[in-house]
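Residues per chain are reported as follows:
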Amino acid sequence: MVRPKSIRLFELFYLGSVLVEAVNTAMTWADTNTNPQTMQVKQMLGPWFPTLLTVFTFTLWLLLWYFTARERSNVARWAIVLFYALGLIGFVFSLAVGAAPAAVPLGLAVVSLVLTTIAVFFLFRRDAVAWFGASA
């Protein structure tokens, strides 16, 4: 079966979101690496841990994209929804407690969140649901 339009649009928005997050991570790496919480984690788990965690996170996002968009995995689709919901809750919580980053990283985080929201929307359109062989 040919991949439906909703799945192709999901890919576009989801990978766009991952790209924006990669830019945001690169831009804030120096600040993140020297903040007190990260320094404490480095002392407890090793200096390599933040890098390993970042690589793991991006690898997970790309694996979820692959299994959702290319392998029709309903489990991966719902994992994306779960991580999206957790990310949204975390974002709102950080704003509520006043832990928002500077203007540019915050703007990039909002753009990434909007792109992910649109991507998740496309996972539940009729043609995508049929392609997964599941009921919404």
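Everything discussed here concerns the structure shown above.
Residues numbered from 1 in each chain as written. Predicted model: local features only at pLDDT ≥ 70, side-chain atom pairs only at ≥ 80, totals over all residues. Heavy atoms only, no water.

Trainee: Kindly report on the packing of aromatic side chains, identifying the contributing residues and their values.
Mentor: A complete count under the given rule lists nine aromatic pairs for this structure. Here the aromatic rings of phenylalanine 10 and tyrosine 14 are separated by 5.2 Å at their centres, their planes lie at 25°, and the arrangement is stacked. Of the two residues, phenylalanine 10 and tyrosine 14 both sit in helix 1 (residues 5-34), four residues apart, roughly one turn of that helix. Residues phenylalanine 10 and tyrosine 14 agree in their burial class; the two are buried. Ring plane angle 20° and centroid distance 5.8 Å describe the contact between phenylalanine 13 and phenylalanine 122, whose orientation is recorded as stacked. With phenylalanine 13 in helix 1 and phenylalanine 122 in helix 5 (residues 103-122), the pair connects residues that are 109 residues apart, well separated along the chain. Overall, phenylalanine 122 belongs to the buried group, its relative accessible area being 9%. Among the aromatic side chains, those forming a connected cluster through ring pairs are Phe13, Phe121 and Phe122. (Phe/Tyr/Trp six-rings, centres within 6.5 Å; stacked < 30°, edge-to-face > 60°. Helix = DSSP H or I, 4+ residues; strand = E, 2+ residues; numbered from the N terminus. Buried < 20%, exposed > 50% of the residue type's maximum accessible area, 1.4 Å probe, protein only.)

Trainee: I'd like to hear about the packing of helix 3 (residues 49-69) against helix 4 (residues 74-96), residue by residue, with values.
Mentor: Here helix 3 crosses helix 4 at 140°, and the two axes come no closer than 8 Å. Regarding the angle of helix 3 to helix 4, the classification is oblique. Our pair here, helix 3 against helix 4, has a crossing hand that is left-handed. Of helix 4, the residues touching helix 3 (which contributes Leu60, Leu64, Trp65, Phe67 and Thr68) are Ala76, Arg77, Ala79, Ile80 and Phe83. In terms of residue class, the contact of helix 3 with helix 4 is built from eight nonpolar, one polar and one charged. (Axes fitted to C-alpha atoms, helices over the stretch in contact; angles between N-to-C directions. Parallel < 35°, antiparallel > 145°, perpendicular 65-115°, else oblique. Left-handed = near helix turned anticlockwise from the far one by under 90°. Contact = heavy atoms within 4.5 Å. Nonpolar A, V, L, I, M, F, W, Y, C, P; charged D, E, K, R; others polar.)

Trainee: Any chance you could break down the side chain of threonine 28 for me, citing the residues and the numbers?
Mentor: Topologically, threonine 28 is positioned in helix 1. Looking at threonine 28, the relative accessible area reads 17%, which means it is buried. Polar contacts involving the side chain of threonine 28 include one to the main-chain carbonyl oxygen of asparagine 24, which spans 2.8 Å. (Polar contact = N/O pair within 3.5 Å; in protein donor to acceptor, adjacent residues only side chain to side chain.)

Trainee: Talk me through the pattern of salt bridges; I want residue IDs and the actual numbers.
Mentor: All told, the structure shown has two salt bridges when counted by the stated rule. Across the salt bridge formed by glutamate 11 and arginine 3, the nearest N and O atoms sit 2.4 Å from each other. Taking relative accessible area as the criterion, arginine 3 reaches 22% and is therefore assigned partly exposed. Notably, a salt bridge pairs arginine 70 with glutamate 11, separated by 2.9 Å at the nearest N-O pair. Of this pair, arginine 70 sits in the loop between helix 3 and helix 4 while glutamate 11 sits in helix 1, and the two are 59 residues apart along the sequence. Of the residues examined, arginine 70 reaches a relative accessible area of 42% and is grouped as partly exposed. It is possible to trace a salt-bridge network through shared partners that takes in Arg3, Glu11 and Arg70. (Salt bridge = Lys/Arg side-chain N within 4 Å of Asp/Glu carboxyl O.)

Geometric values such as these leave the question of function open.
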